[in-house]
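If you want the building blocks of each chain, they are given just below.
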Amino acid sequence: MTDSARYQQVLSTLTQVGQEHLLHFYDQLDPAAQTQLLDQLEQQDWPQLAELIESHVKQSPEIGLPESIEPAPYYPAAAPEQLTKKYDLAVKHGEELLRAGKVAAFVVAGGQGTRLGWDGPKGTYPATPIQRKPLFQVFAETIIKAQRKYGSIIPWYIMTSPINDEPTRAFFKEHNYFGLNPKDVMFFQQGTIPSFSTEGKALLASPGQMATNPDGHGGSLRALHVSGAIADMEQRGIEQISYFQVDNPLINITDPLFIGMHAIDGAQMSSKMVVKVAPDEKVGNFTLSDGRIMVIEYSDLPKELEQKLDADGKPMFIAGSIAIHIIGVNFVKQLNSGRFALPYHRAIKKVPHVDLATGELVEPTEPNAVKLETFVFDALPLCQMSIVLETIRENEFGPIKNAEGVDSAVTSRQLQSQRAARWLRTTGVEVADDAVIELSPLTAIAPEDLQQAEGLPQRIDPGQRTVL
Ligand code: UTP
């Protein structure tokens, strides 16, 4: 078809859904740019987007909460007496899966990282307390150590998005994959969705390009399939995917208890939780409805449930989500074998866009646009079986989300150093409270690894900075 025929067809489709302004600058573009714009516009499912615009862009979507919402059951971090055998069995089974090379690491790193404001992919951010190793290096070394520990390959899948794919790959190349075999590191891109004005008009990022945003971490469940990552996993005999976010250097990627408990309970997708610091802490809540685990965002959980107390006067909804999951390869395959759609969530964000009247780029100072995203935890209610395991916050959750204040590099580095101090104390090292310690994952990814570590000091003095 000629470009002019394609143009007519795209114009007619867009006119039907009130989006013909996207072709406003078409005549001013050179032929290559015209073709690119048509390509981009043709790839969209406009009838579906039109429905989403009505239900999710022009207004906040209705949140259809289930009628009965109970707190989700969970396995406590430490084995209760009646479950010690099961916990032991789970650890053994998790270790077997790791030794047999049946576990893959999977980081979602396609986000825009607007809160951090770092010029580059978030995974390149200097995260550690002393050496300032980037997040990607921390994960790479965690995986290398686990490979050594279990004598197997743990392939690493890295989801990027069009905004950071190229610099992410370049960063790994430049750093020789931080010692990993490049054959065992696979990058793939997630999908995108147009960004809209609050009136429901798709925005232009430039005269020849529609503004889009990554479709949320929930997009990973399709991207894993479409990219061929699942096929690659199957070829390698991978059964379980250890899912984590790019901003948390404390992540325990290969936790035998978590992997094993998920597997022996026959779960399709499982989650770790931390006890919330307060009933109104701004994290998702693990709940149970009609026998299904689901996460209800803090803003959607009815106030009376958020504050509800049990017979002992303790808050009932204490399980907060920290975006750590084990996902079965079969579950992702099953989802993608049929039509599955995760719900869209709406966020108002700052999106630079071209002013149609002047053709100039507007850099908004206030949030001006609607971004739609899907969330990975919305797949939990699609599972027949899903477990939740408690983890201790300071051991496994120190995200770098903000440039300063809570969940920033400063707080994360403190948590990293404090965890290292706790681990060292378990092996008898005397550690002063205000020492700054950087413990490489190559030395230890769990406290017991320190038993084999060589050259540990007997004591670390007040104010001392130590890299181990
Ligand atoms: P966040 O919710 O922290 O979003 O993502 P973000 O985009 O990184 O940061 P802000 O909100 O703009 O400041 C949690 C995790 O999900 C990934 C992120 O890379 C991060 O690891 N993510 C998020 C994706 O992979 N794709 C997305 O579309 C969104």
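Residues numbered from 1 in each chain as written. Predicted model: local features only at pLDDT ≥ 70, side-chain atom pairs only at ≥ 80, totals over all residues. Heavy atoms only, no water.

Draft legend 1. Broad picture of the packing of helix α4 (residues 84-99) against helix α9 (residues 256-264). Running from amino to carboxyl end, α4 crosses α9 at an angle of 100°, the nearest separation of the two axes being 7 Å. As summarised for this structure, α4 and α9 are arranged roughly perpendicular, according to the angle between their axes. Taking contact as the criterion, the partners of Lys86, Tyr87, Leu89, Ala90, Val91, His93, Gly94, Glu95, Leu97 and Leu98 in α4 are, on α9, Pro256, Leu257, Ile259, Gly260, Met261, Ala263 and Ile264. Residues belonging to the contact of α4 with α9 are distributed by class as follows: twelve nonpolar, three polar and two charged. (Axes fitted to C-alpha atoms, helices over the stretch in contact; angles between N-to-C directions. Helix = DSSP H or I, 4+ residues; strand = E, 2+ residues; numbered from the N terminus. Parallel < 35°, antiparallel > 145°, perpendicular 65-115°, else oblique. Contact = heavy atoms within 4.5 Å. Nonpolar A, V, L, I, M, F, W, Y, C, P; charged D, E, K, R; others polar.)

Draft legend 2. Structural context of helix α5 (residues 135-150). Over its 16 residues, α5 runs 23 Å from end to end, which matches the ideal 22 Å to within 8%, given 1.5 Å per residue. Counted residue by residue, α5 has 14 buried out of 16 residues, so it is predominantly covered. (Expected span 1.5 Å × (residues − 1). Buried < 20%, exposed > 50% of the residue type's maximum accessible area, 1.4 Å probe, protein only.)

Draft legend 3. Structural detail: the pairing of strand β12 (residues 285-289). For β12, the tally of buried residues reaches four of five residues, placing the bulk of the element in the interior. Where β12 hands over to strand β13 (residues 292-296), the hairpin turn is made up of two residues, of which Asp290 adopts a positive phi near 50°. (Pairing = 2+ DSSP bridges.)

Draft legend 4. Summary view of the environment of Leu11. Within the secondary structure layout, Leu11 lies in helix α1 (residues 3-16). Note on Leu11: relative accessible area 23%, which makes it partly exposed. For the pair Leu11 and His21, spaced ten residues apart in sequence, the C-alpha to C-alpha distance is 9.2 Å. When residues no more than four places from it in sequence are discounted, the contact partners of Leu11 are Glu20 and Leu23.

Draft legend 5. A look at the side chain of His345. Along the chain, the position of His345 falls in strand β15 (residues 344-349). For His345, a relative accessible area of 16% translates into the label buried. A polar contact is formed between the side chain of His345 and the side chain of Asp378, at a distance of 2.7 Å. Setting aside residues no more than four positions away along its own chain, His345 makes contact with Glu297, Lys371, Leu372, Glu373, Phe375 and Asp378. (Polar contact = N/O pair within 3.5 Å; in protein donor to acceptor, adjacent residues only side chain to side chain.)

Draft legend 6. Examining the site of the ligand more closely. Around the ligand lies a shell of 20 residues, among which Val108, Gly110, Thr114, Arg115 and Gln190 are the nearest. At 2.8 Å, a backbone N or O of Gly110 approaches an oxygen atom of the ligand. Within the complex, 91% of the 560 Å² of free accessible area of the ligand lies under protein. (Near = heavy atom within 4 Å. Areas by Shrake-Rupley, 256 points an atom, 1.4 Å probe, with all protein chains shown as cover.)

Draft legend 7. Representation of the pattern of salt bridges within the structure. Considering all chains together, one arrives at 21 salt bridges under this definition. We note a salt bridge from Lys102 to Glu239, for which the minimum N-O separation is 3.4 Å. Of this pair, Lys102 sits in the loop between α4 and β2 (103-108) while Glu239 sits in the loop between α8 (229-236) and β10 (240-245), and the two are 137 residues apart along the sequence. The exposure class assigned to Glu239 is partly exposed, which follows from its relative accessible area of 36%. In this structure, Arg393 and Glu281 form a salt bridge, with 2.8 Å as the shortest nitrogen-oxygen distance. Of the two residues, Arg393 sits in helix α12 (residues 393-396) while Glu281 sits in the loop between β11 (269-275) and β12, which places them 112 residues apart along the sequence. Linked by salt bridges that have partners in common, Asp3, Arg6, Asp39 and Glu42 make up one network. (Salt bridge = Lys/Arg side-chain N within 4 Å of Asp/Glu carboxyl O.)

Draft legend 8. Molecular detail of the nonpolar core. Ranked by internal contacts, the top residues of the largest apolar core, which has 48 residues, are Phe136, Phe139, Trp156, Ile158, Phe172, Leu180 and Phe244. For this core, the elements supplying multiple residues, two or more each, are α4, β2, α5, β3 (156-160), α6 (165-174), β4 (185-189), α9 and β14 (319-328). With eight residues, the single largest contributor to this core is α5. Not counting residues up to four positions away in its chain, the partners in contact with Phe139 are Trp156, Phe244, Gln245, Val246, Asn248, Pro249, Ile251 and Ile253. Within the second largest apolar cluster, 36 residues are counted, among which are Phe106, Ile293, Phe331 and Leu380. (Core = buried A, V, L, I, M, F, W, Y, C linked by side-chain atoms within 4.5 Å.)

Draft legend 9. Up close: the sheet that holds β15. With respect to topology, three strands assemble into an open sheet ordered β6-β18-β15, the strand pairing being antiparallel. Across the chains shown, the open sheet's two edge strands, defined by having one partner strand only, are β6 (196-197) and β15. Pairing geometry for β6 and strand β18 (residues 369-374), over two bridges, is antiparallel. Bridge pairing in β18 links Ser197 to Ala369. Together, β6, β15 and β18 form the strand contacts of helix α3 (residues 46-57), whose direction differs from that of β18 by roughly 110°.

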